[in-house]
Structure formats: C-alpha cells, structure tokens
Amino acid sequence: MISEFVREQKRYTRDNLKSIFCCSDADIIRIIKKLKGYGILKTVKNTDEQLIMSDLADEDIEVSDEDESSVKHLYVFTFVGIIIVEGRVLKCYPKYLFKTSNPTEELKQVIKVLQKYNSKEQIIRMYNDGGRTTTFNRLAVMVFLLNDYFENGIYTNTQDIIETNGAGEIHWDRTINNTYPIINRNRPYYVELQTKRRINDETDFFKRLHECILTACTKELRDADLIELLDIEGVDLTDEVLEDFGDDDYILYRLEKEMNVQFNTRKQMVLKTMEALIGNKGTLDDVDSFSMFGTNSFNLVWEKVCAEVMDNQLHTPINALGLEDVRIPDGAKYSDSDELISIIEKPKWQGYAEDESEFEKEANKTLTPDLISLYHHDNNCDFVIFDAKYYTVQLELTKELRGQPGVSDVTKQYLYQLAYKDFVKVNRFNSVRNCFLMPTEEEGTDGVIKKGSVKMDMLAALDLEQIQVRQLSAKRIFAYYLASTKVDIGKLDL
C-alpha cells in the first residue's frame, strides 16, 4: 500500500496530489471528490498569497468543479489523523510541524491524544458520513478491537464442570444423590464430594472467532504500515482463518444469537463490532474502501488539552476556588455557590407587549472563555484568563504579520477581563493576566516561547491588560495531558 505524510492546511496543487497518490488524472479527480465529500479536503484559489498561508479562513474556501483545469485551485487538508482511501494511506500531521516531512513520533503522540480525547464519548465511529453517502470505517473498528483486547483480554464464555473432590465449591445435591456415605453413629460421612468449578471454555466459538479477527486486523494494519504509528502491539493468536467458521451468513447468525443472550456491555460491544467487520466485506487496501481515524476539528482538541493541563476553573464553584475570604460585589446576581462562569452576564433582550408595556428576556448563552486558572504563589493569587488558539502566528521583525487570531478574538479576550473586573477587584487578586496559548514544535525555555503581545488602545484605556502571546511546545503539553498532570503556570512568565 502507498503510505505518505501530508500536512494539515498546507497548500497542494493537483499535480502534488497526483504524485502523492501515484495515480492518473482520472483517479485523482475521483479521489479529490471523495475527500471533499467527507470534509477532509478544501479548495482555495491558486494565488501567491495562498501559497504562503498556514491557516485557512472560511472566506478563502472555493467551490470548484474538479473536471475543470487543474491550475485554477489549490487543495488544503483540514484533518489530523489517518485516512485510507482507495488503498492509499494518508498520514495527516498538524499544521504547526514545519521542520520535518516525516513526523512519525510526533503524529504517534497526536494519535494517542486523539484516542484519549475521544475515549470519554464511548462511541465507535463505525461509519463515515459523507453527506449523500455513508461508508464503513474499517480502520476505526479494527483500532477499537485491538485496544479493547489489550485492555480487557479475549472474549470468553465460561463453562461449569463437576469434579470429584475438586478444589471448587461443594455441590451438595449431587454429592447426596450420587455418592454413598459412611454411616457412623447415625451420622453420614461423605468420602467423595462432588464439587463445581467454572472455567473458561477454550473451544468456545466466539472466543476463537475473536482471536481470528484480532489476528487478521493485525495483519491488515501491518500491511498498511500503521502498527507503529498507532502504537499498537500486533497479536498473532491463531492460525485459523474466517472461512474455518463457516460462511459469512452463518457467522452473522451465530453472532446475532449470542448478542441476544449476553447482557454484559463490553461483550455486547465486541460482538457488535465483530458483526460489523464481517458484515462489511473488504480490506483496507480495497479500491472502494474509505476509512479515517482522527478529526476535522483539531482546534477543539487543542482547547481541551490546554484546559486540562492548565487546571481550568471555569466550572468550579466560587467558594471552592481556594480563596481565603471570598467576596461577592454589591448588586451581583450570583452567589459564592455558583460556578465561576456564572459571573459573566447574559444579554438581556427587551420587547413590547400588546399593551405597549416593556418586558425583558434573558438569553441562554453568553461569552465563554476557553479556560480560567488561579495561579497561587508566594501567598498571592493571580487571575489568569487563557484562550487556546490553534494558530501558527508569524510575528517577526523582518516579516509580514500573518496567521494571527482575528479582531473578534482580541476584543472577546478584553471583554472576558471586563466581565470579571469587579470580582477580581473585590477579592484583591495580586494581578489579572490575559493570554493566548498557541502550539509550536519548538521547545523554547521550559517548553514556552514568549512570542509577544497584542493590544487595542481604545480597550486598554478601560484599564484592561494587554493580551500576552505564548507558544507552547505541543510535544510537552501533550505529554502532560497523556500523563494527567498540570503545567506550572509560573513558567509562562506572564
């Protein structure tokens, strides 16, 4: 199988893609249409400005006819993870990686992050939704089965056996009815006890089927050169092949019957995924197969990771923030038992009733920061408002500014501070800090690069802090996330 790396949001020409996929003009048009159908590939105008861009704005996206000339457009991958299309493996790595075109170790870590990020959903994405079409996601199912095996072991059914003088529990009914006691002083003594013991049935149909499917999944992933990238240890559990268990209809019939008698959630899930794998014939290298493992929204992953490692307090009750003496500003419409986010007021809409009297309705939603942390140090406490921005900003003396968050992002960050201004003042925080957090492949000092800051004078005039910009080593931040540990905010030097 062809296996190639591509970078998220890099601009590719159609000829670039033909070279990557090793295919003809007709094939690349079909593949591009398929990738666009699943929202993995976007089209932009072929301009010098677009060629140097590292981020993609909605207004840049073009609707194109792939049967037209290939020189009019550039193609942008908006996906991080693994895609398998028409027997070709695409390994899509994040846009902040510039130094290497073969980032195996970096993408391996990113995939672990994606697995942890998706684990709370407890959903197996068995099918790819491509708008008008839906295809079986063979890769996601195989990854689930192998990860489940390493976590929970092989599928087993138990068998009850009866033994004579065994180590298990005494089966008194069988002992009394099937053995002869010795009578001494009108009391029976049994020298042969019937005991019962529960063992795993090594010949069970579904245990053997599970072993066969796991072995086949390992072989497919090895052939696709994905075992190392997915950081999965292959398993070779049996020499049996699927045909040894009967035809597909018979196997599916047996699986259906087993699902009707199993009430264990994990067993149900394993049976359903094996059923899906057998019911959707094919392999990863089939021409008509399409599988993916990853996300179109890596910005949400970056936000979640930052929230975890920076100890987000946004949904913590105010009285549980660790402040010695919590004060609530006069006239505030929240109490110390409310969450920190409840301090941000919601828009109030006024209308007129039929008698022309005014009424007021409060909106359900309001401004929501990505995360807020309280940094305790030297008997002081700083109030820090973070916004995790998945951008690759170019902020250098001799180069044009580009790749930065938009004006709305900057103004919202100021508004977050304004929303908490009274609370911060009455509780006498040592300082309040505003900061954008962006990923980078650079290590910097302790994994942090002081990139600069951004301000708007008309908002700074309201006595609001300028917004610091910190680039964080994605490798270190992901390591913290995977280890469920926190970052020392002091290292950001805010």
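So, a few notes on the structure that sits alongside this text. (Residues numbered from 1 in each chain as written. Predicted model: local features only at pLDDT ≥ 70, side-chain atom pairs only at ≥ 80, totals over all residues. Heavy atoms only, no water.)

1. Details of the packing of aromatic side chains
Per the stated rule, a full pass over the model turns up 17 aromatic pairs. With a centroid separation of 5.3 Å and an interplanar angle of 65°, the aromatic rings of Tyr149 and Phe150 are classed as edge-to-face. Ring centres of Phe205 and Phe245 lie 5.5 Å apart, and the angle between their planes is 85°; on these two criteria the pair is classed as edge-to-face. Placement of Phe205 in helix 7 (residues 205-223) and of Phe245 in the loop between helix 7 and helix 8 (248-261) is noted, with a sequence separation of 40 residues between them. Within the aromatic cluster, the residues linked to one another by ring pairs are Tyr96, Phe298, Trp302, Tyr390 and Phe478. For Lys91, the ring lying beneath its charged end belongs to Phe5, and the centroid distance is 4.3 Å. Taking the ring centre of Tyr391 as reference, the NZ or CZ of Lys95 above it sits at 5.7 Å. (Phe/Tyr/Trp six-rings, centres within 6.5 Å; stacked < 30°, edge-to-face > 60°. Helix = DSSP H or I, 4+ residues; strand = E, 2+ residues; numbered from the N terminus. Lys NZ or Arg CZ within 6 Å of the ring centre and 35° of its normal.)

2. Some details on helix 14 (residues 474-483)
Three or more residues of helix 14 are buried, namely Ala474, Ile477, Phe478 and Tyr481. All buried residues of helix 14 lie within an arc of 95° about the axis, which places them on one face of the element. Residues of helix 14 that are buried in the fold lie against helix 4 (104-119), helix 10 (298-309), strand 20 (431-440) and strand 22 (467-473). Of the residues trailing helix 14, Ser484 is marked for its positive phi of about 55°. (Buried < 20%, exposed > 50% of the residue type's maximum accessible area, 1.4 Å probe, protein only. Arc of directions from axis to C-beta. Contact = heavy atoms within 4.5 Å.)

3. Observations regarding the nonpolar core
Grouped together as the largest cluster of nonpolar side chains are 75 residues, with contacts concentrated most on Leu139, Leu226, Leu230 and Met310. Looking at this core, the element that brings in the most residues is helix 7, giving eight residues. Once residues lying within four places of it in the same chain are set aside, the contact partners of Leu230 are Ile82, Ile111, Leu139, Val143, Leu221 and Phe293. Within the second largest apolar cluster, 23 residues are counted, among which are Phe21, Tyr38, Ile83 and Val85. (Core = buried A, V, L, I, M, F, W, Y, C linked by side-chain atoms within 4.5 Å.)

4. Re the side chain of Asn427
Locating Asn427 in the fold gives a position in the loop between helix 12 (421-426) and strand 20. A distance of 2.8 Å separates a polar atom in the side chain of Asn427 from the backbone nitrogen of Arg327. Those residues in contact with Asn427, other than ones at most four positions away along the chain, are Leu323, Asp325, Val326 and Arg327. (Polar contact = N/O pair within 3.5 Å; in protein donor to acceptor, adjacent residues only side chain to side chain.)

5. A few points about the sheet that holds strand 22
Pairing within the open sheet is mixed, and its five strands lie in the order 18-19-20-22-21. Each edge of the open sheet carries a strand with a single partner, namely strand 18 (371-377) and strand 21 (448-454). Mean inter-strand twist for the sheet, computed between neighbouring axes without regard to direction, equals 30°. Across the sheet, helix 10 is in contact with strand 18, strand 19 (380-388), strand 20 and strand 22; its angle to strand 20 comes to roughly 130°. Relative to strand 22, helix 14 is tilted by about 80°, and along the sheet it contacts strand 20 and strand 22. (Pairing = 2+ DSSP bridges. Axes fitted to C-alpha atoms, helices over the stretch in contact; angles between N-to-C directions.)

6. Overview of the environment of Tyr190
Relative to the elements of secondary structure, Tyr190 occurs in the loop between strand 13 (187-189) and strand 14 (194-200). Assessed through its relative accessible area of 25%, Tyr190 is described here as partly exposed. Sequence separation of Tyr190 and Tyr180 is 10 residues, and the distance between their C-alpha atoms is 7.0 Å. Setting aside residues no more than four positions away along its own chain, Tyr190 makes contact with Trp172, Thr175, Ile176, Thr179 and Pro181.

7. Some words on the packing of helix 8 against helix 9 (residues 265-279)
Between helix 8 and helix 9, the least distance of the axes is 10 Å, while the angle of their chain directions is 165°. Judged by the inter-axis angle, helix 8 sits roughly antiparallel to helix 9. Note that helix 8 runs across helix 9; the crossing there is left-handed. Between helix 8 and helix 9, the contacting residues are Asp248, Ile251, Leu252, Leu255, Glu256, Glu258 and Met259 on the first element and Gln268, Leu271, Lys272, Met274, Glu275, Ile278 and Gly279 on the second. Taken together, the residues that form the contact of helix 8 with helix 9 break down as seven nonpolar, two polar and five charged. (Parallel < 35°, antiparallel > 145°, perpendicular 65-115°, else oblique. Left-handed = near helix turned anticlockwise from the far one by under 90°. Nonpolar A, V, L, I, M, F, W, Y, C, P; charged D, E, K, R; others polar.)

8. Description of the pattern of salt bridges
Inspection of every chain in the model, using the stated rule, returns 23 salt bridges. Residue Asp325 is joined to Arg327 by a salt bridge in which the shortest nitrogen-to-oxygen separation is 3.5 Å. Here Lys450 makes a salt bridge to Asp493, at a shortest N to O gap of 3.0 Å. Residue Lys450 is found in strand 21, and its partner Asp493 is found in the segment after helix 14; the two are separated by 43 residues along the sequence. We classify Asp493 as partly exposed; its relative accessible area is 46%. Via salt bridges that share partners, Asp27, Arg30, Lys34 and Glu86 belong to a single interconnected network. (Salt bridge = Lys/Arg side-chain N within 4 Å of Asp/Glu carboxyl O.)

9. Overview of a nonpolar patch on the surface
A grouping of Ile182, Tyr189 and Val191 is seen on the molecular surface, where their side chains present a nonpolar patch of about 300 Å² in accessible area. Of the residues examined, Ile182 reaches a relative accessible area of 47% and is grouped as partly exposed. (Patch = residues over 30% accessible without salt bridge, like charges linked within 9 Å, V, L, I, M, F, W, Y side chains within 5 Å. Areas by Shrake-Rupley, 256 points an atom, 1.4 Å probe, with all protein chains shown as cover.)

10. What about the packing of helix 5 (residues 138-152) against helix 7?
Contact geometry for helix 5 and helix 7: axes closest at 10 Å, N-to-C directions at 120°. By the criterion of interaxial angle, the relationship of helix 5 to helix 7 is oblique. Taken as a pair, helix 5 and helix 7 cross one another with a handedness that is left-handed. Contacts from Arg138, Leu139, Met142, Leu145, Leu146 and Tyr149 of helix 5 reach helix 7 at His210, Ile213, Leu214, Cys217, Thr218, Glu220 and Leu221. Here the contact of helix 5 with helix 7 is built from residues that sort into nine nonpolar, two polar and two charged.

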